[in-house]
Amino acid sequence: MTNSMTMRQLAARTAISLAVSLCVASIAHAQSAEGSVFGRTTPKAQVTIESQDTGSKRTIQAEQNGSFSLSKLSPGRYTVTAGGVTREVNVAIGSGTEVRFTDMAVVNVAGSRRRNAIDVSSTESNTVFTQSEIQALPVSRSATAVALLAPGTVKGDEGIGDGNLPSVGGASVAENGYYINGFDVTNIRNFIAYATLPFDAIDQQQIKTGGYGAEYGRSLGGVISLSTKRGTNTWKSGAAVYWEPQALRAKGRNVVDRDPDHPNAYTLFARDDKSDELAVNVWSGGPVIKDKLFVYGILEGTRNTTTDYGQNRAVRTKSGPPNGMIKVDFLPTADHRLEFTGIANKKTTKVWDYQNPADQDFFVGLNGEGAYTKQTSGGTVAIGKYTGYLTDNLTVSLAGGRVNDLSLKEEGARMEGKDCPEVYDPAINLLGCWKEPFANGARDPNAPDDRDTRKSLRFDVEYTLADHTIRAGYDGQKFISSAAGGSAYSGGAYWRYLNSATGTVNRVPNAVRPGGQYVRKRTSIDTSGEYEVINSALYLEDSWKITKDVLLYGGLRSESFNNKNGDGISFVKADHLVAPRLGASWNVFGDASLKVYANAGRYYIPVASNTNIRATRLELNTEDFYTFTGMDPRTAVPTGLSAPIGRSIGDANAQLPNPGTVADTDLKPMSQDEYILGFQKAINKGLSFGVKYIQRKVNDGMDDYCAKTGIANYVADQGYANFDYHDLADCVLMNPGNPLSLNIDVNNDGKLVPLTIPNSYLGLAKYERKYNALEFTLDRPFDGTWGVSGSYTLARSKGTAEGYVQSQLDQEDAGVTQDFDFGSFTDGANGYLPNDRRHTFKIFGNYQLTENFRLGMNFVAASGRPKSCVGFVPDSVPDYFGPDGTLSGGSGEYNSASSYYCLDDAGKTRLTQRGSFGRTPWTQSVDLSLAYLKKFGDQRLTLQADVFNVFDSRKVTEYNELRNYSRADTPAGVINPNYGNPTGFQSRRSVRLTARYEF
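About the thresholds
Residues numbered from 1 in each chain as written. Predicted model: local features only at pLDDT ≥ 70, side-chain atom pairs only at ≥ 80, totals over all residues. Heavy atoms only, no water. Helix = DSSP H or I, 4+ residues; strand = E, 2+ residues; numbered from the N terminus. Rg over C-alpha atoms; globule rule 2.2 N^0.38 Å. Buried < 20%, exposed > 50% of the residue type's maximum accessible area, 1.4 Å probe, protein only. Areas by Shrake-Rupley, 256 points an atom, 1.4 Å probe, with all protein chains shown as cover. pLDDT = per-residue confidence, 0-100. Contact = heavy atoms within 4.5 Å. Disulfide = S-S within 2.5 Å. Pairing = 2+ DSSP bridges. Salt bridge = Lys/Arg side-chain N within 4 Å of Asp/Glu carboxyl O. Patch = residues over 30% accessible without salt bridge, like charges linked within 9 Å, V, L, I, M, F, W, Y side chains within 5 Å. Axes fitted to C-alpha atoms, helices over the stretch in contact; angles between N-to-C directions. Core = buried A, V, L, I, M, F, W, Y, C linked by side-chain atoms within 4.5 Å. Polar contact = N/O pair within 3.5 Å; in protein donor to acceptor, adjacent residues only side chain to side chain. Phe/Tyr/Trp six-rings, centres within 6.5 Å; stacked < 30°, edge-to-face > 60°.

(A) How the structure looks around the overall build of the protein chain. Counting its secondary structure elements, the protein chain contains six helices and 62 strands. Taking 999 residues into account, the globule formula puts the C-alpha radius of gyration at 30 Å, and the protein chain, at 30 Å, falls close to it. C-alpha extents for the protein chain along the principal axes are approximately 105 × 65 × 50 Å. Expressed as a percentage of its 999 residues, the buried residues of the protein chain come to 57%. On the protein chain, roughly 38700 Å² of surface is accessible, and the fraction owed to carbon and sulfur atoms is 55%.

If you want it as structure tokens, here you go:
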């Protein structure tokens, strides 16, 4: 065997060994997409580091005490030489690797790779996986699925995003930050999406679950950072096929509808749904100019097909245009590096809707020809970066880029018939030319596509001075969201023909004869616009080695947020929000066998652009009642309408809200304080364990408030007699539980007067979320035969708000959930939150059966989430009626269950406590993989089968928590017969087959 082959084999083995380490790593030296090397040698010695991938080489001089640090290194393989001694190391994303030259019992170790099991230079909570590690484990091919391997993460609600988003440290799934090559790609329209790339393009993935330094912000959960593959001095290519066939997928689940009015029906109909996923990748990378110019490119084609059966129709989808990434690295000299990353992630889905045969609900089959619709989303990412090693002690970097992301755009059948209003008659159901469900909503025909665009610029500088590593930088971004207006109803209106038994309509007696017919018209109009969010930050931090075994870290970050309405006028603006960070790490015995560490920090999260849209555009909702004389033969819209009967319900005279009236003038952006204390102990060379305590507490939680009664009562108590509550914005952004400072037209003369309304008038509970956890980790790195990592987390998450989303209602409106719309909605809200998983066990690893066969395993067991009882507020709550005594502006106007007032077994409304109705069952899942590995010289073939949820465990993950049947259509006190019915289960068993060839 040649020496080069030996080196490649050792490198491959080491890459796998890095995979299964759950370690606390990273240092303030290392930026998100880069790593660092540090250590000690003889005073003033020359230290040389050389990349084995690109041949680039740097030489610096150690400090007087022998310490040295080499930062901003691209992840990869390096040799470090000092005093005639050479060490070979792997640099991981966001991590510091210690190199020791002072222990002369260890001489030249060329031909081996090493990385510290315990990084004594770190105060962060950090887990790193390489692509080869990920491929060796049975885990889904998504960054969020990999993130769920890290301790302190739990899977969020299935109804939010793609159903696979992680909740980190008790935060909601919409409070994480996502990075590609150090560039923030989080979509801050609602924070549940991020710019994607072909999964095989990922080289390393880092998950920061707490304690991260001042260079990071805009996240209360975790940071998921990806570094991409890049070209090296050796051309490497490959291809892979991934197939998850329907034939090897277990059956879904049906849940019978228990409502006697819905015989032979289902609330969940998924038993016969089909899904077949196929992905094909080809890639290549290498030198265009050896040691200078490198390129790497990958193309990914997908062909995913699904068929979902429903009560009235079946939906078949097929997706798959190719996407790709290109990475270019240019090293004109050893001291300068230029990079470009380009990503295309456009997604096109073809959709066919099939109407079931007449009178055949829940038909399993495709009837006739499907109505075709084309759906398009995604876009492009472009990232440029310069890194300069200006002196031995001074390094700078400048990065900028752009993300273009098209929100879902539909063309075809689902966009047809938008001129036909929705028309119903309860006696005969659907009328006219409107065809459910294809024509839901009407989009503003003059509005551009819904799109999100991010432009970002970042500058970082690092200076090493003796035992201090000082870093500072600027991070700025401009985010623009385009949102089309229109109507929630096709044709702009929803008409419903009704009969009045008494003749009373809309509280007007004798409006029609007893038993006579009338019509109700509902309208819903939103205005179109383009909305800006401008965020910037400055940071300064110092990592100080006060002794060779003690590191102190101090950082300060200054955040500024600016949210604008469609006219470019700021309605939320906060400058210089100070976020301090402190940390310490103690190498107790000086040999990296025991590390004790602690950190504390404050973190801010911006206001989502979804809030700009929802809070500052006109959202007009009205309800009017009429008599009529005829009906249009095509649309079934009533003709010969009378004057409106009674008062119009809603905001018939609403106008675009004044930006000075839609947010608390003393609004404090949402932040979180975090405290961590832990230790990590090496039991022997191949085994370590750790224990960590985490405490997190949200400060100044932020959400919208929509009640009018409390504000009107306060204005009246101040002696303003001409106030018209209709002039108030639909909802205002505030810090629930605090007084509300608002500009109000109290005299109805167009002049705004600042008032501060005590919370006693609003009746809101304080926005609270507290998370406490103990994490236990055990790591036995892969040694060529076997390796395993595991964690156990004991956690508690409690408060009045989950965070930026609301899982019980599957509400993705980041920062403007229903939780604080009315004071009565917060009654009973203080309890265990949806992401409260008291116990979580994780074990994963590999076993090399023979030279050619490898086993992989991933086991997760978690206790259930808390259950609540959700219902409608009773008319006894103070904000049930609006200021004029009608439902307008009151909590009684809401026809969706939004409170913890709930029916008891006798049908009486009682106030209950969030999370006090038991929990969902424990869930357990075992995933296994078997791989066949064969080498042919420099070529390698991998054939692998991954089985997810081997035992097809189908525990319930979510129940119907709505106790009331309905407010609108049945008398009060009717219990929902489907209360407690399952609405979600664990994912069914599936198999992924992989064939990968590398050369």
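(B) Representation of the confidence of the model for the protein chain. Summary statistics for the protein chain give a mean pLDDT of 90 and a share of 94% for residues scoring 70 or more. For the stretch residues 104-115, pLDDT sits under 50, and the model shows 39 contacts to residues farther than four places along the chain or on other chains.

(C) Representation of the state of the cysteines. For the structure on display, the rule yields three disulfides. Covalent S-S linkage joins cysteine 706 and cysteine 731, the inter-sulfur distance amounting to 2.0 Å. Taking the torsion about the S-S bond as the criterion, the cysteine 706 to cysteine 731 disulfide, at about 100°, is right-handed. Residue cysteine 706 is found in the loop between strand S47 (703-705) and helix H5 (709-717), and its partner cysteine 731 is found in the loop between H5 and strand S48 (732-734); the two are separated by 25 residues along the sequence. Linked covalently through their sulfurs, cysteine 869 and cysteine 902 form a disulfide whose S-S length is 1.5 Å.

(D) How the structure looks around the pairing of strand S52 (residues 786-799). Of the pairings in the sheet, the one linking strand S51 (residues 769-780) to S52 comprises twelve bridges and is antiparallel in character. For asparagine 772, the partnering residue across the bridge sits in S52 and is arginine 796. Taking the residues that link successive antiparallel strands as the turn, the S51-S52 hairpin has five residues, and the phi of glycine 784 there is positive, at about 100°. Strand direction decides the pairing type here: S52 and strand S54 (residues 839-848), joined by nine bridges, are antiparallel. Looking at the pairing, tyrosine 792 lines up with phenylalanine 841 of S54. Bridging between S52 and strand S53 (residues 831-832) involves two bridges; their strand directions are antiparallel. Residue lysine 798 lies in a different strand from S53, and its bridge partner there is tyrosine 832.

(E) Highlighting the pattern of salt bridges. For the structure shown, the criterion picks out 55 salt bridges. Glutamate 175 serves as the salt-bridge partner of arginine 769, at 2.8 Å between the closest nitrogen and oxygen. With a gap of 594 residues between them, arginine 769 in strand S51 and glutamate 175 in the loop between strand S10 (166-168) and strand S11 (177-180) connect regions that are remote in the sequence. The class for arginine 769 is buried, based on a relative accessible area of 3%. Of the residues examined, glutamate 175 reaches a relative accessible area of 0% and is grouped as buried. Residue aspartate 673 pairs with arginine 602 through a salt bridge whose shortest N-O separation is 2.7 Å. Separated by 71 residues along the polypeptide, aspartate 673 in strand S45 (residues 671-684) and arginine 602 in strand S40 (residues 594-604) bring together distant segments of the chain.

(F) Examining a nonpolar patch on the surface more closely. On the surface, Trp586, Val596, Leu677, Tyr693, Leu774, Phe776 and Leu794 cluster together into a nonpolar patch covering about 580 Å² of accessible area. Within the fold, leucine 774 resides in strand S51.

(G) Region of the structure containing the sheet that holds strand S7 (residues 96-100). Spatial ordering of the open sheet is given by S4-S1-S7, a layout of three strands whose pairing is mixed. Each end of this open sheet is capped by a strand with a single partner; those strands are strand S4 (67-73) and S7. Between one strand axis and the next, the sheet turns through 15° on average, direction left out of account. The pairing of strand S1 (residues 35-40) with S4 spans five bridges and is antiparallel. Along S4, the bridge assignment pairs valine 37 with leucine 70.

(H) Spotlight on H5. Of the residues making up H5, those classed as buried are Thr709, Gly710, Ile711, Ala712, Tyr714 and Val715. Where H5 is buried, its residues meet S47, strand S49 (740-744), strand S50 (753-757) and helix H6 (759-762). A positive phi of about 90° marks glycine 719, the residue just after H5.

(I) Structural view of the nonpolar core. Ranked by internal contacts, the top residues of the largest apolar core, which has 98 residues, are Tyr705, Ile711, Leu740 and Ile744. In this structure, leucine 740 is in contact with Asp664, Tyr705, Ile711, Val732, Met734, Leu755, Thr756, Ile757 and Leu762, ignoring residues within four places of it in sequence. By size, the runner-up hydrophobic cluster in this structure holds 16 residues, among which are Val47, Phe68, Leu73 and Val80.

(J) The arrangement of helix H4 (residues 609-616) in detail. Summarising burial for H4: seven of the eight residues are buried, a large majority. Those residues of H4 that are buried lie in contact with strand S33 (468-483), strand S37 (529-547), strand S38 (550-564), strand S39 (570-587), strand S41 (619-626) and S48.

(K) Quick peek at the sheet that holds S11. Judged by pairing direction, the sheet is mixed, and its five strands sit side by side in the order S8-S15-S16-S11-S12 without closing on themselves. Across the chains shown, the open sheet's two edge strands, defined by having one partner strand only, are strand S8 (125-130) and strand S12 (183-184). Looking at chain direction, S8 and strand S15 (residues 202-210) are connected through six bridges and run antiparallel. Paired with valine 128 across the bridge in S15 is glutamine 206.

(L) Fine view of the environment of serine 481. Secondary-structure assignment places serine 481 in strand S33. On the accessibility criterion, serine 481 (0% relative accessible area) is buried. C-alpha separation for the pair serine 481 and threonine 453, spaced 28 residues apart in sequence, amounts to 6.6 Å. With sequence-adjacent residues up to four places away left out, serine 481 is seen in contact with Arg189, Arg451, Asp452, Gly529, Glu530, Tyr531, Ser609 and Ile613. Here aspartate 452 takes part through its side chain, which lies 2.5 Å from a polar atom of the side chain of serine 481.

(M) Focus on the packing of aromatic side chains. Enumeration according to the criterion identifies 28 aromatic pairs in this entry. With a centroid separation of 5.1 Å and an interplanar angle of 65°, the aromatic rings of tyrosine 497 and phenylalanine 628 are classed as edge-to-face. Of this pair, tyrosine 497 sits in strand S35 (residues 493-500) while phenylalanine 628 sits in the loop between S41 and strand S42 (630-631), placing them 131 residues apart in sequence. We classify tyrosine 497 as buried; its relative accessible area is 0%.

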